[in-house]
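Inside the fold
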Amino acid sequence: MKNIAIILAGGVGRRLGDTVPKQFLKVAGKQVIEHTLDAFQNHPQIDEIAVVSNSDFVGHMENIAVKNNYSKLKKILHGGQERYQSSLAAIRAYDGPQDVNLIFHDAVRPLVNERIISDCIRALESYKAVDVAIRTTDTIIQVDGTEHITGIPARAMLRNGQTPQAFRLSTIKKAYELALQDPEFKTTDDCGVVFRYLPHEPVYVVEGEQFNIKLTYKEDLFLLDKLFQLRTAALQNDAVLPEAERRLPSSVVVVFGGSYGIGLDIVNICKEHGARVHSFSRSQNGVDVSDASLVAKALKSVFEKEGRIDAVINTAGVLDKEPLATMSYEDISKSININYLGSVIVSKEAYPYLKLSKGALLLFTSSSYTRGRSLYSLYSSSKAAIVNFVQALSEEWYDCGIRINCINPERTKTPMRVRSFGNEPEGTLLESAVVATAAINSIFSPMTGEVIDVKIKRG
């Protein structure tokens, strides 16, 4: 049975209060609908994709399809004012002599994963209608028109509905044929149509995920961004992941700050896996990342020698632990120039080379970026600026094919930290090689615009 994903993208974002429909807003470096389409494009059991779009944005949707080279996306359909009209557009587009599986999914649920999609397809082998839901954690109350409680259903039997919702085409078509004959027909989802108008057709429920949330309100954007960060945990591995291992031997990697600590570990691991690595730092060869001319000269020399640059990583930084009031302006300038301006310079100078190779840029932040800390005002604020900078650049450079992320390591045992804090208890710090491995895995991942947390594995 052919599996066709129907991405419902007809919303106009009224509840979000934005002029741009919510499926086209940016999160984690991409438009929301691009994340959603990626999930179905990359799923091995999905044969075809159709998007049902707001009519005013069909042209925009066509540009997204071309830009991303979505080989499975075969139809971009005009939706209707109501959700059910968008579902009907897809049903009619695939109506024919041969039955197929239609898998309806909200464009604004970008965190749907392979397991959920696979479970829906598997369930369609035994059922003709499938829903996705998670267990309700809150007590649900029923009220009347005067806001008085009229019932409290047993929580154990309640679920919060999600998508996908999957059907045999013949089943959902028949349900809608009956529904459209009802003058009082109203619905908010497709399983509800089957449940009401085909009461003898069982609707099986697949277990969803808490993170498979729907973008509805502006606050959800911040939550989605954090959930995308949590999804990067797979990059923290004890070893280089297969994709990185496959691509390293043919890659040219430039590391700024590669003479010690995390930078040196990145250099060594890349070399062990056959990459051509070029390292620059103040102590190693006099390259200060806050000097644009030196950074430009370093990158040019690598390109002239290798003919390409696939990844640029900047680990250079200084850790200041001093009250602002007692710092000299010379030290203030040095801190900002190395910790922030240096990353700006490296990014700007790397751009033409990474544009040619459609390569990756990786910067470093720290856990202090979420909240300024006493004695670390310049360091913390610079690291917060790095996060904002990465998120902005990921959007600016997305069409060029450049991926840009930043690593956010927990406290890490590096020479810079030892100089500032002395010896700390064993087991309380990350090993720098762990951070380096996550960094290498990230430059060969498809992610962009993300803060990649690297943490001590506890328990």
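Cut-off values and rules
Residues numbered from 1 in each chain as written. Predicted model: local features only at pLDDT ≥ 70, side-chain atom pairs only at ≥ 80, totals over all residues. Heavy atoms only, no water. Helix = DSSP H or I, 4+ residues; strand = E, 2+ residues; numbered from the N terminus. Contact = heavy atoms within 4.5 Å. Areas by Shrake-Rupley, 256 points an atom, 1.4 Å probe, with all protein chains shown as cover. Lys, Arg positive; Asp, Glu negative; His and termini not counted. Charge placed at Lys NZ, Arg CZ, Asp CG, Glu CD. Pairing = 2+ DSSP bridges. Axes fitted to C-alpha atoms, helices over the stretch in contact; angles between N-to-C directions. Parallel < 35°, antiparallel > 145°, perpendicular 65-115°, else oblique. Left-handed = near helix turned anticlockwise from the far one by under 90°. Polar contact = N/O pair within 3.5 Å; in protein donor to acceptor, adjacent residues only side chain to side chain. 1 Å grid on protein atoms, 1.4 Å probe; cavity = no way out; pocket = protein on both sides within 12 Å on 5 of 7 lines; lining within 4 Å. Points joined across faces, edges and corners; volume = space filled by probe spheres on them. Nonpolar A, V, L, I, M, F, W, Y, C, P; charged D, E, K, R; others polar. Salt bridge = Lys/Arg side-chain N within 4 Å of Asp/Glu carboxyl O. Buried < 20%, exposed > 50% of the residue type's maximum accessible area, 1.4 Å probe, protein only. Right-handed = clockwise from strand over helix to strand, strands pointing away.

Scanning the protein from N- to C-terminus turns up 15 helices and 19 strands. C-alpha atoms of the protein, sized along the principal axes, occupy 80 × 55 × 40 Å. Of the contacts made within the protein by residues no fewer than 6 positions apart, 74% connect residues no fewer than 24 positions apart. For the protein, the exposed area adds up to about 22000 Å²; of that, 51% sits on carbon and sulfur atoms. Across the protein, the centroid of the 53 positively charged side chains sits 2 Å from that of the 53 negatively charged ones.

Glancing now at the sheet that holds strand β11 (residues 204–207). Read across the open sheet, the seven strands follow the order β5-β4-β1-β6-β10-β7-β11; overall the sheet is mixed. Single-partner strands in this sheet number two, and they are β5 (73–78) and β11. Direction aside, neighbouring strands of the sheet carry axes that sit 25 degrees apart on average. Helix α4 (residues 114–123) contacts β1 (3–9), β6 (101–106), β7 (129–135), β10 (159–168) and β11 of the sheet and is inclined by roughly 155 degrees relative to β11.

The subject of this paragraph is the packing of helix α1 (residues 32–41) against helix α2 (residues 58–68). At their nearest, the axes of α1 and α2 sit 11 Å apart, and the two run at 55 degrees to each other. Judged on the interaxial angle alone, α2 and α1 are oblique. For the pair α1 and α2, the crossing hand works out as right-handed. On the side of α1, the interface is formed by Ile33, Glu34 and Leu37, while α2 contributes Met61, Ile64, Lys67 and Asn68.

Turning our attention to the sheet that holds strand β14 (residues 311–314). Spatial ordering of the open sheet is given by β13-β12-β14-β15-β16-β19, a layout of six strands whose pairing is parallel. The strands lining the two open edges of the sheet, one partner per strand, are β13 (276–280) and β19 (451–454). With direction set aside, neighbouring strand axes in the sheet form an average angle of 20 degrees. Examined bridge by bridge, strand β15 (residues 360–364) and strand β16 (residues 403–409) share five bridges and lie parallel to one another. By the bridge assignment for β16, leucine 363 is matched with cysteine 406. Of the strands in this sheet, β12 (252–256), β14 and β15 touch helix α12 (residues 329–357), which is tilted by about 175 degrees from β14.

A few words now on the environment of leucine 111. Assignment of secondary structure puts leucine 111 in the loop between β6 and α4. Considered as a pair, leucine 111 and glutamine 210 are 99 residues apart in the sequence and their alpha carbons are 9.9 Å apart. If we skip the residues at most four places from it in the chain, leucine 111 touches Phe211, Asn212, Leu224, Leu227, Phe228 and Arg231.

So, on to unusual backbone geometry. Here threonine 163 and proline 164 are connected by a cis peptide whose omega angle stands at 15 degrees. Considering the arrangement of structural elements, one finds proline 164 in strand β10. Positive phi outside glycine occurs at lysine 358, with the angle close to 50 degrees. Within the fold, lysine 358 resides in the loop between α12 and β15.

Here we come to the side chain of asparagine 54. On the secondary structure map, asparagine 54 appears in the loop between β4 (48–53) and α2. Within polar-contact distance, the side chain of asparagine 54 engages the backbone nitrogen of aspartate 56 at 2.9 Å. Here asparagine 54 is in contact with Ala9, Gly10, Gly11 and Val12, once residues within four sequence places are set aside.

Time to look at the layout of surface pockets. One number sums up the size of the largest pocket: a volume of about 1200 Å³. As for the largest pocket, its lining consists of 35 residues, of which Lys30, Asp38, Asn42, Pro446 and Met447 are closest to the centre. Taken together, the elements giving at least two residues each to the lining of the largest pocket come down to α1, α2 and α4. The element that contributes the greatest number of residues to the lining of the largest pocket is α1, accounting for four residues. The residue inventory of the lining of the largest pocket, partitioned by class, reads 16 nonpolar, ten polar and nine charged.

Using the criterion set out here, one finds 17 salt bridges in the structure. Between lysine 173 and aspartate 95 there is a salt bridge; the shortest N-O distance is 3.1 Å. With lysine 173 in helix α5 (residues 169–179) and aspartate 95 in the loop between α3 (83–93) and β6, this pair connects stretches of sequence that are 78 residues apart. Between aspartate 182 and arginine 196 there is a salt bridge, with its nearest N and O atoms 3.3 Å apart. Of this pair, aspartate 182 sits in the loop between α5 and α6 (190–197) while arginine 196 is found in helix α6, placing the two residues 14 residues apart along the sequence.

Turning our eyes to something else, we now look at the pairing of β15. It is a general feature of regular strands that their side chains alternate between the two faces of the sheet. Of all five residues in β15, five are buried, a share of seventy percent or more. Neither face of β15 is open: one carries Ala360, Leu362 and Phe364, the other Leu361 and Leu363, and all of them are buried. Note: β14 against β15, three bridges, orientation parallel. Bridge pairing in β15 places alanine 311 opposite alanine 360. Taken together, β14, α12 and β15 form a β-α-β motif whose crossover is right-handed.

Interhelical geometry of α3 versus α5 gives an angle of 130 degrees and a closest axis separation of 11 Å. Accordingly, the angle class assigned to the pair α3 and α5 is oblique. Every pair of crossing elements has a handedness; the one defined by α3 and α5 is left-handed. Facing Tyr84, Ser87, Leu88 and Ile91 of α3, the residues of α5 in contact are Leu169, Ile172, Lys173 and Tyr176. Of the residues that constitute the contact of α3 with α5, the class distribution is six nonpolar, one polar and one charged.

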